[in-house]
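Working through the structure, step by step
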Amino acid sequence: MRHLECFVAVAEESHFGRAAQRLGMAQPPLSQRIQRLERELGVRLFERTSRQVTITKAGTLLLDEARELLVRSEALMAAARRIRDGDVGLLRAALPPDIAGESVAAILADFRQRHAGVELELRELSTAQQLAQFASHDLDVGLIHHPCDVSGLELGPVLRREVGVLLPREAPAAALDEVPLAALGGYDLILFHRVGAPALHDDVLTTCARNGYTPGAVRQGQGASFIRGLILSANAVAFSPRDVHATDTTDRDPDIVWRPLVGAPLAWRHSVAWPKGRSDTAVGAFAEAATRALRSSDALSADPPAHPLHLRPAAEYWL
């Protein structure tokens, strides 16, 4: 391409000195490039005398082709820059299963509006699954639960979602406006599978114990229908974020109610995460879309307390 740029410049200037000045190079290297191009093409492009440079008939016939190739080359480079910067191509993103459907829809709509040229492959993955796919380079960006091991990742702002409790409507605690964790004694706890977010799973149980609630058994479950069945038939309760409660049918359920917890001791904390060095515009757009969607829902309390992340000394995850 550089040889063709030299050819076009000399043809348009009809002077090696002016062409060299236009290209920001010395005249001898320019002459050498023209000679190499002529040898490569097998035709003479210019007639040279001590006073002037005249394009040949062959050069005239090739000039338009050279200009077209330069335009196409610039288009190719521009496309490469867009791919490099994340403006086109495929973005592999993930959200955890407990994100409300309205938030998922808002993230998709926001991202598509700003990056219509990027194909978004959205997956439903637990935090552990996302971390594994980050490590295997199969995921570009995701929304993870804290605490977890975030080494090798860059993080967006930490978002705090208030968590309340789902319990049978006839339970004594259901009559309260806010439920102390200690009031859940005697109930089993339905909790997500530990393998999906082991540090968070353990942190939830530790918080419950510190606040006077030690469940007789921990039952694993995550699907809404399955959890409802366990609450109704297994003397169990479950924790659920406020934004999920606000968009499901709990308010209209004759058998189950959602109540906030006294002092908000439990909260799901999220960050958008991506591998270090992968912060292109598409990743940034997804991070902004996810942050906006959660902040515009009932996911966040009006004045969430600060929870700076620090590495727990005796563990391999962040709190």
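Notes on the structure in this doc start here.

For the rest of this paragraph, the subject is the packing of helix 1 (residues 2-13) against helix 3 (residues 27-41). Any two packed helices are characterised by how steeply their axes cross, that is the angle between the axes, and by the distance between the axes. As a packed pair, helix 1 and helix 3 sit with axes 9 Å apart at the nearest point and diverge in direction by 105°. Classified by the interaxial angle, the pair formed by helix 1 and helix 3 is roughly perpendicular. Each of Arg 2, His 3, Leu 4, Cys 6, Phe 7 and Val 10 in helix 1 lies in contact with helix 3, whose residues at this interface are Leu 30, Arg 33, Ile 34, Arg 36 and Leu 37. Class assignment for the residues of the contact of helix 1 with helix 3 results in seven nonpolar, one polar and three charged.

Time to look at the packing of aromatic side chains. In total, this model carries four aromatic pairs according to the counting rule given. Arranged with centres 6.4 Å apart and planes meeting at 70°, the rings of Phe 16 and Phe 46 form a pair that is edge-to-face. With a gap of 30 residues between them, Phe 16 in helix 2 (residues 16-23) and Phe 46 in strand 1 (residues 46-48) connect regions that are remote in the sequence. No difference in accessibility class separates Phe 16 from Phe 46, as the two residues are buried. Considering the side-chain rings of Phe 111 and Phe 286, the 6.5 Å spacing of their centres and the 70° angle between planes classify their relative orientation as edge-to-face. With Phe 111 in helix 5 (residues 101-114) and Phe 286 in helix 10 (residues 281-296), this pair connects stretches of sequence that are 175 residues apart.

Take the pairing of strand 12 (residues 267-275) next. Counting buried residues in strand 12 gives eight out of nine residues, a clear majority hidden from the surface. Here strand 5 (residues 141-146) pairs with strand 12 via five bridges, running antiparallel. Paired with Gly 142 across the bridge in strand 12 is Ala 273. In this structure, strand 6 (residues 153-155) lies alongside strand 12, joined through three bridges in antiparallel fashion. Bridging across to strand 12, Leu 155 finds its partner in Ala 273.

As a further point, take the environment of Pro 198. If you trace the backbone, Pro 198 turns up in helix 7 (residues 198-210). We classify Pro 198 as partly exposed; its relative accessible area is 31%. Distance in space between the C-alpha atoms of Pro 198 and Thr 127 is 9.1 Å, their sequence separation being 71 residues.

One side chain can pair with another of opposite charge once the charged atoms of both are near each other. Within the structure shown, the criterion is met by 16 salt bridges. A salt bridge links Glu 288 to Arg 292, with the shortest nitrogen-to-oxygen separation between them at 4.0 Å. Note that Glu 288 and Arg 292 are positioned in helix 10 at a spacing of four residues, about one turn of the helix. Judged by its relative accessible area of 45%, Glu 288 falls in the partly exposed class. Shared partners join several salt bridges into a network, and the residues in it are Glu 12, Glu 13, Arg 18, Arg 22, Asp 64 and Arg 67.

For the rest of this paragraph, the subject is the environment of Trp 258. Tracing the sequence through the fold places Trp 258 in strand 11 (residues 256-260). Residue classification places Trp 258 among the buried positions, given a relative accessible area of 6%. Remark: the alpha-carbon pair of Trp 258 and Val 163, spanning 95 residues in sequence, is separated by 9.8 Å. At 3.0 Å, the side chain of Trp 258 and the backbone oxygen of Ser 240 are in polar contact.

Conventions used here
Residues numbered from 1 in each chain as written. Predicted model: local features only at pLDDT ≥ 70, side-chain atom pairs only at ≥ 80, totals over all residues. Heavy atoms only, no water. Axes fitted to C-alpha atoms, helices over the stretch in contact; angles between N-to-C directions. Helix = DSSP H or I, 4+ residues; strand = E, 2+ residues; numbered from the N terminus. Parallel < 35°, antiparallel > 145°, perpendicular 65-115°, else oblique. Contact = heavy atoms within 4.5 Å. Nonpolar A, V, L, I, M, F, W, Y, C, P; charged D, E, K, R; others polar. Phe/Tyr/Trp six-rings, centres within 6.5 Å; stacked < 30°, edge-to-face > 60°. Buried < 20%, exposed > 50% of the residue type's maximum accessible area, 1.4 Å probe, protein only. Pairing = 2+ DSSP bridges. Salt bridge = Lys/Arg side-chain N within 4 Å of Asp/Glu carboxyl O. Polar contact = N/O pair within 3.5 Å; in protein donor to acceptor, adjacent residues only side chain to side chain.

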